[in-house]
Amino acid sequence: MTYPRQIPQVFELYQKSRLQFVQAVADLANRPENIDTLHKAGVMSLLRPLLLDAVPNIQQTAVLALGRLANHSDDLAEAVERADKIN
């Protein structure tokens, strides 16, 4: 049986998980040796929906992560630009 108190907790956990993920990616993207691995893992497609997240801090951290990725790789910079034109 689900209690009404548990429902907000589920949403809080979901928000915390998104924030932890995007912060970890932003931290990893700060190191050039991680860029290729992040790219191969599909990080761009995972960050894209976080740019439109309802939580401003998650949006901002996703932008930071994308900026760091683009800063280290011309290919990723072009991918960010293409994604921006699509949206």
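Refer to the structure above for everything that follows.
What comes next is a walk through the structure. (Residues numbered from 1 in each chain as written. Predicted model: local features only at pLDDT ≥ 70, side-chain atom pairs only at ≥ 80, totals over all residues. Heavy atoms only, no water.)

Focus on the packing of helix α1 (residues 6-28) against helix α4 (residues 56-72)
Direction vectors running N to C along α1 and α4 enclose 20°, while the axes themselves pass 8 Å from each other. Taken as axis vectors, α1 and α4 run roughly parallel relative to one another. Like other packed secondary-structure pairs, α1 and α4 cross with a definite hand, here left-handed. Judged by residue contacts, Q15, R18, L19, V22, Q23, V25, A26 and D27 of α1 engage N57, I58, T61, A62, L64, A65 and R68 from α4. Taken together, the residues that form the contact of α1 with α4 break down as eight nonpolar, four polar and three charged. (Axes fitted to C-alpha atoms, helices over the stretch in contact; angles between N-to-C directions. Helix = DSSP H or I, 4+ residues; strand = E, 2+ residues; numbered from the N terminus. Parallel < 35°, antiparallel > 145°, perpendicular 65-115°, else oblique. Left-handed = near helix turned anticlockwise from the far one by under 90°. Contact = heavy atoms within 4.5 Å. Nonpolar A, V, L, I, M, F, W, Y, C, P; charged D, E, K, R; others polar.)

Section: the pattern of salt bridges
By the definition in use, this model includes three salt bridges. A salt bridge links D53 to R18; the shortest N-O distance between them is 2.6 Å. Highlighted residues: D53 in the loop between α3 (43-47) and α4 and R18 in helix α1, separated in sequence by 35 residues. We classify R18 as buried; its relative accessible area is 13%. Across the salt bridge formed by K40 and D36, the nearest N and O atoms sit 3.0 Å from each other. Of the two residues, K40 and D36 both sit in helix α2 (residues 35-40), four residues apart, roughly one turn of that helix. With relative accessibility at 67%, the residue K40 sits in the exposed group. (Salt bridge = Lys/Arg side-chain N within 4 Å of Asp/Glu carboxyl O. Buried < 20%, exposed > 50% of the residue type's maximum accessible area, 1.4 Å probe, protein only.)

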